[in-house]
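These are the residues of each chain, in order.
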Amino acid sequence: AELVAFGLERGRGRIAVAVVVLVVATLSILTVQRNRVWKDEITFFTDQAATAPYSARSHSNLGIVLQRSGNDAGAVVALQRSLEIYSDNSHAWYALGVALYNLRAEPKQILQSFDNALRFGPMHHDARVKLVLVLLRFGDKENARRQIDELARRAPGHPMLPELRTRLAAAK
């Protein structure tokens, strides 16, 4: 009886060791696979958007890194998806405006993106600066002047104010 009990104990020990080895091997493989996702920002946020398709933040993050990397067409798709889910994100509206501007989209779309960025984030000074530049590019000096005045009111020491005023004065 003792030999049988000893044999069972040895068998259980081997089974326990095999289970531990199997668990460690499985977790090691999963870790290697997940580490590939962390290769760079685009890979990470692409995976994040795929695994959380209803997360506005994941699509917004993807769109912003795509826009910063020069993939404006990809950025527009991701940012529009983000804004379909949650439209109050001023940073997503700003990045969408920049991407649309780079793609030479319709002026109305570009202006609407920057307007929305400011509607949801009135202190988003970069959006206001871009809006002024777009307004000047499309010849709307009066609205550009209003936006410059608003920037001066909200951020009197903003480093772009002198340049914006110079551009406004030079605009035809």
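Check the entry above for the structure.
Conventions we followed
Residues numbered from 1 in each chain as written. Predicted model: local features only at pLDDT ≥ 70, side-chain atom pairs only at ≥ 80, totals over all residues. Heavy atoms only, no water. Core = buried A, V, L, I, M, F, W, Y, C linked by side-chain atoms within 4.5 Å. Buried < 20%, exposed > 50% of the residue type's maximum accessible area, 1.4 Å probe, protein only. Helix = DSSP H or I, 4+ residues; strand = E, 2+ residues; numbered from the N terminus. Contact = heavy atoms within 4.5 Å. Salt bridge = Lys/Arg side-chain N within 4 Å of Asp/Glu carboxyl O. Phe/Tyr/Trp six-rings, centres within 6.5 Å; stacked < 30°, edge-to-face > 60°. Axes fitted to C-alpha atoms, helices over the stretch in contact; angles between N-to-C directions. Parallel < 35°, antiparallel > 145°, perpendicular 65-115°, else oblique. Left-handed = near helix turned anticlockwise from the far one by under 90°. Nonpolar A, V, L, I, M, F, W, Y, C, P; charged D, E, K, R; others polar.

Bringing the nonpolar core into the picture now. Counting 40 residues, the largest nonpolar core has Leu-62, Leu-79, Leu-96 and Phe-114 as its most contacted members. Where this core is concerned, the elements lending two or more residues are helix H2 (41–51), helix H3 (56–68), helix H4 (72–85), helix H5 (90–102), helix H6 (107–120), helix H7 (125–137), helix H8 (141–154) and helix H9 (161–170). The greatest single-element share of this core, amounting to eight residues, is contributed by H5. Setting aside its immediate chain neighbours within four residues, Leu-79 contacts His-59, Ser-60, Gly-63, Ile-64, Ala-92, Ala-95 and Leu-96.

The next thing to look at is unusual backbone geometry. The residue Arg-104 is not glycine, and still its phi comes out positive at about 55 degrees. Relative to the helices and strands, Arg-104 is located in the loop between H5 and H6. When its relative accessible area of 63% is taken as the criterion, Arg-104 is described as exposed.

Position of Gln-147 among the secondary structure elements: in helix H8. Residue classification places Gln-147 among the buried positions, given a relative accessible area of 18%. When residues no more than four places from it in sequence are discounted, the contact partners of Gln-147 are Leu-118, Arg-128, Leu-131, Val-132 and Leu-135.

Our focus in this paragraph is the pattern of salt bridges. For the structure shown, the criterion picks out six salt bridges. Salt-bridge contacts for Arg-146 lead to Glu-142; the nearest nitrogen and oxygen are separated by 3.9 Å. Of this pair, Arg-146 and Glu-142 are both found in helix H8, four residues apart, which corresponds to roughly one turn of the helix. Note that Arg-167 is salt-bridged to Glu-163, the shortest N-O span being 2.7 Å. Of this pair, Arg-167 and Glu-163 are both found in helix H9, four residues apart, which corresponds to roughly one turn of the helix. When salt bridges with common partners are traced through the structure, they connect Glu-142, Arg-145 and Arg-146 into a single cluster.

To continue, consider the packing of aromatic side chains. Aromatic ring pairs are described here by two measures, namely the spacing of the ring centres and the angle between the planes. Following the criterion strictly, the structure yields two aromatic pairs and no others. Pairing Phe-44 with Phe-45 gives two aromatic rings, centres 5.1 Å apart and planes at 75 degrees, and the pair type is edge-to-face. Pairing Tyr-94 with Phe-114 gives two aromatic rings, centres 6.0 Å apart and planes at 50 degrees, and the pair type is tilted. One end of the pair, Tyr-94, is in helix H5; the other, Phe-114, is in helix H6, with 20 residues separating them in the sequence.

This part takes up the packing of H4 against H5. The angle between the axes and the distance between the axes are what describe a pair of packed helices. Contact geometry of H4 with H5 gives a least axis separation of 9 Å together with a crossing angle of 150 degrees. Classified by the interaxial angle, the pair formed by H4 and H5 is roughly antiparallel. Here the hand of the crossing between H4 and H5 comes out left-handed. Judged by residue contacts, Asp-72, Ala-75, Val-76, Leu-79, Gln-80, Ser-82 and Leu-83 of H4 engage Ala-92, Trp-93, Ala-95, Leu-96, Ala-99, Leu-100 and Asn-102 from H5. For the contact of H4 with H5, the class distribution of residues is ten nonpolar, three polar and one charged.

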